[in-house]
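One letter stands for each residue in the lines below.
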Amino acid sequence: MKIDRYDLALVNATCGETTRPMLQCLHFTKGRVEAADGFMLVVRDLDLQEDEDKPEALINFKMIKKIKPERRQEIFLAITDSKATVNYRKETGEPAEYEPSISFATYKDGKLFPDTDQLWTTAEKKTQIAVGVGLLKKLLAIMPNEGILRIGITEPTAPIEFVCSNMGRPIRGMLMPMFVDWGEHSWHGKVEENKKGDGRK
């Protein structure tokens, strides 16, 4: 399967605790990759070819961090029974000689990872508010790591109020929501298709 820097960035959602080793891994299952730390869950569809099998494996985040994406090259990850192999290729399809392939062991018992299908709700969401990723990053950059960000949402057209608690002088403010036609996004139809394929209504 082909992976990119956004797939690799999912390691930021894995758990750093040593008491829960299964959450220190990226979980490859059902044609997607998942990462969780007990407080948040991130899921992304894998870039699989039509005839490519959907891998079932857990890969430790320390192994994923060894993969170094570079410009003008593509990264391919192959997962077998107990091993994952990374190959680098140039955009032309030729092997990148300066980046030799690497291999590492995987965990095969996917039961170690929580069943995330039970976490998704099929209920129709009455309120959806869009916030620009760049704006959200800028907001988080001014917050202390030990703080707790409280976000208040009233209605789609109203400002999103926030306050960072656990501080002597709290940081307060508001964000203006963006207007987004969700139906125009390429992933929108795929999400609906996946829900039907999983037997959800």
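For the structure given in this document, a descriptive report is provided here. The model shown is predicted, which means the values in this text are computed figures rather than measured ones. (Residues numbered from 1 in each chain as written. Predicted model: local features only at pLDDT ≥ 70, side-chain atom pairs only at ≥ 80, totals over all residues. Heavy atoms only, no water.)

## Topic: the overall build of the protein
Now for step 1: Secondary structure summary: the protein contains four helices and 11 strands in total.
Now for step 2: Across the 201 residues of the protein, 29% fall into the buried class.
Now for step 3: Of the roughly 14,200 Å² that the protein leaves accessible, carbon and sulfur atoms contribute 52%. (Helix = DSSP H or I, 4+ residues; strand = E, 2+ residues; numbered from the N terminus. Buried < 20%, exposed > 50% of the residue type's maximum accessible area, 1.4 Å probe, protein only. Areas by Shrake-Rupley, 256 points an atom, 1.4 Å probe, with all protein chains shown as cover.)

## What about the sheet that holds strand E3 (residues 32–36)?
Now for step 1: Pairing within the open sheet is antiparallel, and its four strands lie in the order E4-E3-E2-E5. The two strands at the open ends of the sheet, each matched to only one other strand, are strand E4 (41–45) and strand E5 (57–60). Neighbour-to-neighbour, the strand axes of this sheet turn through a mean angle of 20 degrees, independent of strand direction.
Now for step 2: Bridge count between strand E2 (residues 25–29) and E3: three bridges; the pairing is antiparallel. Bridged to phenylalanine 28 within E3 is valine 33. (Pairing = 2+ DSSP bridges. Axes fitted to C-alpha atoms, helices over the stretch in contact; angles between N-to-C directions.)

## A short note on the packing of aromatic side chains
Now for step 1: Throughout the structure, instances matching the rule amount to zero aromatic pairs.
Now for step 2: Taking NZ or CZ as reference, arginine 89 lies 4.0 Å from the ring centre of phenylalanine 76, over its face. (Phe/Tyr/Trp six-rings, centres within 6.5 Å; stacked < 30°, edge-to-face > 60°. Lys NZ or Arg CZ within 6 Å of the ring centre and 35° of its normal.)

## Side note on the nonpolar core
Generally speaking, soluble globular proteins have nonpolar side chains that are buried together.
Now for step 1: The biggest cluster of nonpolar side chains holds 24 residues, and the ones touching the most others in it are Leu26, Phe28, Ile59, Ile67, Leu77 and Ile79.
Now for step 2: At the level of secondary structure, the elements contributing two or more residues to this core comprise E2, E3, E5, helix H2 (61–64), strand E6 (73–79) and strand E7 (83–90).
Now for step 3: Excluding residues that lie within four positions of it along the chain, isoleucine 79 makes contacts with Met1, Phe28, Pro55, Ala57, Ile59 and Ala84. (Core = buried A, V, L, I, M, F, W, Y, C linked by side-chain atoms within 4.5 Å. Contact = heavy atoms within 4.5 Å.)

## Things to note about the sheet that holds strand E9 (residues 148–152)
Now for step 1: If you trace the three strands from one edge of the open sheet to the other, you get E9-E10-E11, paired in antiparallel fashion. The sheet is open, and its two borders are formed by E9 and strand E11 (171–175), each paired with just one other strand. Sheet twist, expressed as the mean angle between neighbouring strand axes with direction ignored, is 20 degrees.
Now for step 2: Here E9 pairs with strand E10 (residues 160–165) via five bridges, running antiparallel. From the neighbouring strand, arginine 150 faces E10, where its bridge partner is valine 163.

## Concerning the environment of asparagine 87
Now for step 1: With respect to the helices and strands, the residue asparagine 87 is situated in strand E7.
Now for step 2: Residues asparagine 87 and isoleucine 102, spaced 15 residues apart in sequence, show a C-alpha to C-alpha distance of 7.0 Å.
Now for step 3: Once you skip the residues sitting within four places of it in the chain, asparagine 87 turns out to touch Glu74, Ile75, Phe76 and Ser101.

## Comments concerning the pattern of salt bridges
Now for step 1: Within the structure shown, the criterion is met by seven salt bridges.
Now for step 2: Aspartate 4 is the salt-bridge partner of arginine 44, the closest N and O atoms lying 2.8 Å from each other. With arginine 44 in strand E4 and aspartate 4 in the loop between strand E1 (2–3) and helix H1 (5–8), the pair connects residues that are 40 residues apart, well separated along the chain.
Now for step 3: With its nearest N and O atoms 2.6 Å apart, the salt bridge here joins lysine 30 to aspartate 117. With lysine 30 in the loop between E2 and E3 and aspartate 117 in the loop between strand E8 (102–105) and helix H3 (133–141), the pair connects residues that are 87 residues apart, well separated along the chain.
Now for step 4: Judged by its relative accessible area of 44%, lysine 30 is partly exposed. (Salt bridge = Lys/Arg side-chain N within 4 Å of Asp/Glu carboxyl O.)

## Some thoughts on the pairing of E4
Now for step 1: Alignment of E3 against E4, held across five bridges, turns out to be antiparallel. Counted as the bridge partner of alanine 35 is valine 42 from E4.
Now for step 2: What sits between E3 and E4 in their antiparallel hairpin is a turn of four residues, with glycine 38 showing a positive phi close to 95 degrees.

## Structural notes on the environment of leucine 149
Now for step 1: Tracing the sequence through the fold places leucine 149 in strand E9.
Now for step 2: Through-space distance from the C-alpha of leucine 149 to that of valine 163 is 5.9 Å; in sequence the pair is 14 residues apart.
Now for step 3: Every residue in contact with leucine 149, bar those within four places of it in the chain, is listed here: Leu139, Leu140, Met143, Phe162, Val163 and Cys164.

Keep in mind that these numbers describe shape and distance, not what the molecule does.
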